[in-house]
Amino acid sequence: MSRAGRRAERLADAADARLPVVAGGALLRKAFPHHWSFFLGELALYSLLVLLLTGVWLTFFFEPEMREVVYAGSYAPLRGVRMSAAFDSTLRISFDVRGGLLMRQTHHWAALVFVAAIGLHLLRIFFTGAFRRPRELNWVIGLTLFVLSLAEGFAGYSLPDDLLSGTGLRIAQGIMMSIPVVGTYVAFFAFGGEFPGEDIITRLYPLHVLLLPGALIALVTVHLVLVFHLKHTQWRGPGRSNRNVRGKPLIPQFTATSTGLSLAVFGVLVLLSGVAQVNPVWMYGPYRADLVSTGSQPDWYVGFLEGALRLVPPWETNIAGHTVMWNVLLPAVVLPGLLFAVLYAYPFVEQRLTGERLREQHLCDRPRERPVRTGLGVAGTVFYGVLLVAGGNDIIAYAFRISVDALTWVLRIALVVAPVLAFLVTRWVCRALTAAERERLAEGVPTGDIRQTVTGGYESGTEPVETFRPGAPRRPLTGARTGTPIRTRRAPERRDR
C-alpha cells in the first residue's frame, strides 16, 4: 500500500474513534433471540403507542369539568337530562364528532391490551427466571410500569363521569376513608370536600393525560435502554451460552418482524373497536350519588380488588372512638400492598436462597426445571383468578340461579385452598415432566416396531431424539436401537454479546 493510502486509512480510523460509527454498526448488527414469548413486551409497547395517539386526539374534544349542563345532543334518550360537562363531552365525542366513537373505543381496547400485555410479559419473565442478575432493576421497572398502568387505567375509566365509573369512584372513596386516622383527610383532599365533590374529574384529568403518561414513557425508555445494554435473555441450545446471543440481527430481520407486529396490533385494535362495543356510557347515564348501576363490574385489571372486597366478612373494630373497617382496609389496602411488596422482593430473595445472586444469568429457565418457582407462580395466578371470579359473584349467581351467599363461601374457601393445591400439583407435574424427559433422552423415542428377543421375550424399537423444544437439554446420547449419537441441527444465526 502506498504512503497516501496508509495515511488515508489512519485518518479513517481516527474519524471512527471520534464519531460513533463503529458503535452504530455494532448496534445495527445486535442480535435478538426469536421466540413468540419475547414479543409480549413489544405488544405492550405498541399498545402504549396507540394509547398515546388516540389519547392526544381525544383531549381536543373532552371537557374535564363537573359543572352541570343540560344535554341537547344527538342521543335522544338523554336529551334534557342534567349531567356534568365531562359526561356531556363524552356523549358528543361518541355521537357528534366524526370518528369519535371509533377513537374512544380504540383507546379503551388499547388500554385493556396494554395492561394484559404487561401482565403476561411479567409472567414470562417470572417463569423463565429472566429477572435474575443483572436484570433485577428491569424487573423492578416492569413491575412499576404495571402498577402505573393500573392507576392510569382507573383514572381514564373514571373521567367520563357516567354512572358506572361514578360507582367505582364511590368505592375508591370508601377505600380512602378506611385508612386509619388520615383516611378522612385523604378523601377530602382527593374529592375537594364531601363525595362526590366538584374537583375529582378536574384532578384526575392532568393525572391521566400528563403525570402518569410521562412516568410511563420515562420508565419505558429506561427499560429499553437496559434491554439494549444488558442484552436479551435466550433459551438454552447449541451454541448458546451466558457469553453470547444468537438470533436475528436488528437490521433488517428483527426490524421487519417488529414492524409487522406493530401494524398487526394497530389493525386488530381498530378492528376490535369497529365490531366489539366497549364501555357504552350512554347506556349507564350520568352519575348520580343516589343511584348505583345494576350489575356494575370494573375493567378486568381491577376486578381482583372488587372480589377481595366482596369476600372479606364485615369486620369492624372500635379503637379509642375510631372505627377501623377491616372489611375494606384488609382487601383494598393491605392485600395489594403485600402482593406487590412480595413481587418486588422476590428476585432478590430467590437469588439469595439459591446462591445465584453473585452470578450473571443470561439463559432462560424452563418452568419445569424450577418446580418451586413455577408452583408459586401458578398458585399466585390461581389466587388472582379466584378474586377475579369473586368480583362478579352477583352476576354468576344470577346467571346460574344459585345463592350469592353460598357462592361467596365457596370462593372464600377456594381462596385459601386452591392456591395450595395449585402449588402442590404444579410442582408434581414439573418433576414428572422432567423425569419423563430424562427417560426419553436416555432410552430414545419408540418407533412402534416390536421384535422378539433371543430369550423369547418382546421389546419395542427406539430411535434417538431429534426434535427438541426451546431450552430442552440436547446432550448426545446413544440410541437404544441404532447405536448412533443424536445429531442436532444448528440454524445459521448471528451472535453478539
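Residues numbered from 1 in each chain as written. Predicted model: local features only at pLDDT ≥ 70, side-chain atom pairs only at ≥ 80, totals over all residues. Heavy atoms only, no water.

K.L.:
I tried to follow the packing of aromatic side chains on my own but got confused; where do I start?
P.N.:
Two aromatic rings, taken as a pair, are described by how far apart their centres are and by the angle between their planes. With the rule as written, the count across this model stands at 16 aromatic pairs. On the numbers, 5.8 Å between centres and 80° between planes, the contact of Phe 131 with Tyr 346 is edge-to-face. Within this pair, whereas Phe 131 is found in the loop between helix H5 (100-128) and helix H6 (136-158), its partner Tyr 346 is found in helix H13 (residues 326-354), the two being separated by 215 residues in sequence. Just as Phe 131 is buried, Tyr 346 falls in that class too. One aromatic cluster in this structure is built from Phe 126, Phe 127, Phe 131, Trp 139 and Tyr 346. Cation over ring: Arg 203 sits above Phe 189, and NZ or CZ is 5.4 Å from the ring centre. (Phe/Tyr/Trp six-rings, centres within 6.5 Å; stacked < 30°, edge-to-face > 60°. Helix = DSSP H or I, 4+ residues; strand = E, 2+ residues; numbered from the N terminus. Buried < 20%, exposed > 50% of the residue type's maximum accessible area, 1.4 Å probe, protein only. Lys NZ or Arg CZ within 6 Å of the ring centre and 35° of its normal.)

K.L.:
What's the story with the nonpolar core in this structure? I'm lost.
P.N.:
Soluble, globular proteins show a tendency: their nonpolar side chains are buried together. Counting 38 residues, the largest nonpolar core has Phe 114, Trp 139 and Phe 146 as its most contacted members. Mapped onto this core, the elements with two or more residues apiece are helix H3 (40-59), H5, H6, helix H9 (200-230), helix H10 (250-275) and H13. Broken down by element, this core gets its largest block of residues, 12 residues, from H5. When residues no more than four places from it in sequence are discounted, the contact partners of Trp 139 are Leu 122, Ile 125, Phe 126, Phe 131, Leu 343, Tyr 344 and Pro 347. Counting residues in hydrophobic clusters, the runner-up holds 17 residues, among them Leu 159, Phe 191, Ile 200 and Tyr 287. (Core = buried A, V, L, I, M, F, W, Y, C linked by side-chain atoms within 4.5 Å. Contact = heavy atoms within 4.5 Å.)

K.L.:
Would you mind showing me how to read a nonpolar patch on the surface here?
P.N.:
Taken together, the side chains of Ile 179, Val 181, Val 182, Tyr 185, Val 186, Trp 315, Trp 326, Leu 330, Val 333, Val 334 and Leu 338 make up a nonpolar region of the molecular surface, amounting to roughly 980 Å² of accessible area. Breaking the nonpolar patch down by element, the ones donating at least two residues are helix H8 (183-191) and H13. Among the elements that take part in the nonpolar patch, H13 stands out by supplying 5 residues, more than any other. Mapped onto the elements of the fold, Val 186 is located in helix H8. Classification of Val 186 by relative accessible area gives partly exposed; the value is 35%. (Patch = residues over 30% accessible without salt bridge, like charges linked within 9 Å, V, L, I, M, F, W, Y side chains within 5 Å. Areas by Shrake-Rupley, 256 points an atom, 1.4 Å probe, with all protein chains shown as cover. Salt bridge = Lys/Arg side-chain N within 4 Å of Asp/Glu carboxyl O.)

K.L.:
Teacher, can you tell me more about the confidence of the model for the protein chain here?
P.N.:
Interpretation of this model should avoid reading the predicted coordinates in detail wherever pLDDT is low. On average, residues of the protein chain score 85 in pLDDT, and 88% of them reach the 70 mark or higher. In the model, residues 11-22 has pLDDT below 50 throughout and makes 2 contacts with residues more than four positions away in sequence or in other chains. When the criterion is pLDDT under 50, residues 476-497 qualifies, and its contacts beyond four places in sequence or with other chains add up to 56 contacts. (pLDDT = per-residue confidence, 0-100.)

K.L.:
What's the story with the pattern of salt bridges in this structure? I'm lost.
P.N.:
Any two side chains of opposite charge can pair, on the condition that their charged atoms come close. In total, this model carries 20 salt bridges according to the counting rule given. A salt bridge links Asp 290 to Arg 288; its shortest N-O distance comes to 2.6 Å. Given a relative accessible area of 44%, Arg 288 falls into the partly exposed group. Through salt bridges with shared partners, one network takes in Arg 132, Arg 236, Glu 350, Glu 356, Asp 365, Arg 366, Arg 368, Glu 369, Arg 370, Arg 373 and Glu 437.

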